[in-house]
Amino acid sequence: MVNGKVIRGGGFLVIVGSYIWLDQTFTNNVVNKAKTVYGGLIGGGLGSMYNACSSDSDTLKKLTSVSLVEKPHSDLKYSFYSIDNPKEYLDGSNANVIEKGPYALRKYSVAHEVAQTPSSLTSASSPDPNGNLEYSTANVYLVLDRDVASTSNMERNADLSLTFSDTKMILPTAKRALASHLSMNDSIVNLSPDYLSFLGVVNDEVNMILSLKCTSEQITNIGSGKSQCTDNELGDFTASNCACCMMDDDFELAKSRNTGTPPPFTNCNSYFDDEGPIMSMLSLLASHDGGVAIKSAGEKKYDRSGNNFSSTIYGQTQIHTALIQSHSVNDLMFGFPSAYLGRVAFLSQIEYAKRSLSSAFGKTELAKRMLTGQVDEDLPFKLGNAARYTSQVGSVCFSACEDGGGCSGYAPGRHETTNVDKIKLGGINCKPYTTTFDTIAKCKAVDAALQINPNADGFEMCHCADGSDDWTNKGCCLASGMHNHNDLSGQGCLFEVAGIVDPNYAGLDMSIAGAIDLGTALQTWIDKEVSEPSAEFLCPAAGLEIDEHAKFGHYDSFAGSDEHITYYHTGNDRIRQD
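All figures in this text were calculated on a predicted structure; none of them were measured in a lab.

With respect to the overall build of the protein chain
A count of helical and extended segments in the protein chain gives 16 helices and 21 strands. A burial count over the protein chain gives 49% of its 578 residues as buried. Counting only carbon and sulfur atoms, one obtains 49% of the accessible surface of the protein chain, whose full area is about 26,400 Å².

As for the pairing of strand β10 (residues 318-328)
With nine of its eleven residues buried, β10 lies for the most part within the structure. Pairing analysis gives four bridges linking strand β9 (residues 291-296) to β10, with the strands arranged antiparallel. For Gly291, the partnering residue across the bridge sits in β10 and is Gln325.

Notes on the sheet that holds β10
Strand order in the open sheet made by the three strands is β8-β10-β9, with antiparallel pairing throughout. Among the strands making up the open sheet, the edge pair consists of β8 (187-191) and β9. When the angles between neighbouring strand axes are averaged without regard to direction, this sheet yields 40 degrees. Alignment of β8 against β10, held across five bridges, turns out to be antiparallel. Paired with Leu191 across the strands is Ile324, a residue of β10. The sheet contacts of helix α8 (residues 277-288) involve β9 and β10, and relative to β10 the element is tilted by about 20 degrees.

Examining the state of the cysteines
The final tally for this structure, using the stated rule, is nine disulfides. Between the sulfur atoms of Cys214 and its disulfide mate Cys244 the distance is 2.0 Å. One disulfide, between Cys214 and Cys244, carries an S-S torsion of 60 degrees and so falls in the right-handed class. Note that Cys214 is positioned in the loop between α5 (205-211) and α6 (216-220) and Cys244 in the loop between α6 and α7 (248-257), a separation of 30 residues in sequence.

Observations regarding the layout of surface pockets
Put simply, the second largest pocket is a space of about 1,400 Å³. Taken together, 44 residues make up the lining of the second largest pocket; nearest its centre are Leu212, Lys213, Leu347, Lys363 and Asp487. Counting residues per element, the ones that place at least two in the lining of the second largest pocket are α8, α10 (339-347), α11 (350-356), α12 (363-371), β15 (478-483) and β16 (486-487). Here the lining of the second largest pocket is built from residues that sort into 19 nonpolar, 14 polar and eleven charged.

Here's the deal with the side chain of Asp248
Mapped onto the secondary structure, Asp248 falls in helix α7. Buried and without a salt bridge, Asp248 has Arg304 as its closest oppositely charged side chain, separated by 4.1 Å. In this structure the side chain of Asp248 is engaged in a polar contact, spanning 2.9 Å, whose partner is the side chain of Asn267. Contact partners of Asp248, with chain neighbours within four places excluded, come to Asn267, Asn269 and Arg304.

Notes on the sheet that holds strand β6 (residues 148-156)
As summarised here, the arrangement of the four strands in space is β7-β6-β19-β18, forming an open sheet in which the pairing is mixed. On the outer flanks of this sheet lie β7 (162-174) and β18 (507-508), each paired with one strand and no other. Relative to β7, β6 runs antiparallel, the two being bridged by seven bridges. Bridged to Ser150 within β7 is Leu171. Taken strand by strand, helix α16 (residues 518-528) contacts β6, β7 and β19 (515-517), and its axis lies near 55 degrees from that of β6.

Looking at the packing of aromatic side chains
Within the structure shown, the criterion is met by eight aromatic pairs. When the centroid spacing of 6.5 Å and the interplanar angle of 20 degrees are considered together, the rings of Tyr78 and Phe80 count as stacked. Owing to a relative accessible area of 3%, Phe80 belongs among the buried residues under this scheme. Their ring planes at 70 degrees and their centres at 5.5 Å tell us that Phe198 and Phe381 sit as a pair that is edge-to-face. Here Phe198 is found in helix α4 (residues 193-202), whereas its partner Phe381 is found in the loop between α12 and α13 (386-397), with 183 residues between them in sequence. Across this residue pair, the class does not change: Phe198 and Phe381 are buried. Over the aromatic face of Tyr302 sits the side chain of Lys295, whose NZ or CZ is 3.2 Å from the ring centroid.

What counts, and at which threshold
Residues numbered from 1 in each chain as written. Predicted model: local features only at pLDDT ≥ 70, side-chain atom pairs only at ≥ 80, totals over all residues. Heavy atoms only, no water. Helix = DSSP H or I, 4+ residues; strand = E, 2+ residues; numbered from the N terminus. Buried < 20%, exposed > 50% of the residue type's maximum accessible area, 1.4 Å probe, protein only. Areas by Shrake-Rupley, 256 points an atom, 1.4 Å probe, with all protein chains shown as cover. Pairing = 2+ DSSP bridges. Axes fitted to C-alpha atoms, helices over the stretch in contact; angles between N-to-C directions. Contact = heavy atoms within 4.5 Å. Disulfide = S-S within 2.5 Å. 1 Å grid on protein atoms, 1.4 Å probe; cavity = no way out; pocket = protein on both sides within 12 Å on 5 of 7 lines; lining within 4 Å. Points joined across faces, edges and corners; volume = space filled by probe spheres on them. Nonpolar A, V, L, I, M, F, W, Y, C, P; charged D, E, K, R; others polar. Lys, Arg positive; Asp, Glu negative; His and termini not counted. Salt bridge = Lys/Arg side-chain N within 4 Å of Asp/Glu carboxyl O. Polar contact = N/O pair within 3.5 Å; in protein donor to acceptor, adjacent residues only side chain to side chain. Phe/Tyr/Trp six-rings, centres within 6.5 Å; stacked < 30°, edge-to-face > 60°. Lys NZ or Arg CZ within 6 Å of the ring centre and 35° of its normal.

Written out as structure tokens, the structure reads:
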């Protein structure tokens, strides 16, 4: 039995800077109403018309129906909270919050991998073999920013399996429900939950910045009296008896005691120089991700030098943060790429990967394994297959890039293509792909230098993490490479940020002008998304006033878990049954 709570039915659900109102849910219309009536029946159990014990029961037919014309859909309306004064908010002022929305979706769901199995919730001496209804759920969404025609071609077989036929059913046109002043490209400025999750892994931004150069032990050794790590020792987890750097106060004290001669240490504050390589890289990546500007030229630097900030090494005259980002409603709902997490989460976790592997791998092979998701089980922040995802983003965003100008604009919309991989990325902001596009020029410069001198100092050949040579034409997620002494490992890599809704495969139906192909969308979900089976108790024992009748509709497992569901890595219980 599920240990925890399942949230069911309609109402308000707070979701990190947004809320959602469910006008109608499938569970409310079928299971909950059946459960209410069932509890008051005399002679319930197997004799009740509301159980799903037999293959011809009405409840089973309703729960497993794939007729999108007849079965209830869910009309969803999302409203988002946008911070109007992000810089002032981060400086300590109260946030000026603006509500935007509601943004309307229509959700269709079907059960797949359906089976009837015994339940652990019954106390019957001979449990019915059909006690639980097991199923996974596939979802598809219509964006109601216009009148939308759609089709479906699903059929349920007698053995509860699904068939996708050549005959298509045309659904009633879904009417526009989005106000004329709203658009799916509207910008929402708010805290980034995935960046906050990442910070939870590295403790805070100070540790995160230091981890880009040093191991956790080398950071711990700061102020311990141990000697400064050499350049070769920095980041080497076997070099555990040296310090990453010296705190600024200690550094200045040692310097004054030595008549102005600096001690043989790196001042930790040098890593926080706004115009240095680390802060410049972080600001650039944050800007690609829509990170807001928090400092302009002329303001004091973060390194406590007292000097004014002028520009980063990339020519930026503003410092951007990944903590608060601006994203379109489309991206927030259905997912988007992150250049910041694609590189920084990789670089900061190399130590974890090295410690987890029983065999020592070279730098390039280790990076390939990390960036293709092969060591995710050993990483506190999972990277997924960043190499493959980066290539997929390139398939929709490369055309939005210009030499010397980066990438801008949006990918083609979902309703403009039948390619299922491109449909999933429909309408995303392409700016994060700028970091991938930049690998073309850098790797070509590396190649040219090595053509002249194969042993050129400060240059190493580029290697794509997916094993391709895409750096030559559209760019790629780099496992290794060096350009003029600058390490390119992890450059161009994009992290897949999940949307607060779901992936959406609702694409163009070529057979009917302007229609959305819901059948293909649901079939794609089934083929591509990981199944999260639920098991619901729908066949209790026969008899009068039996305790287990109150458990009708409860779950043995829910969404792939028999314990709890988590959201944004918090581990909080998300299941309520009573």
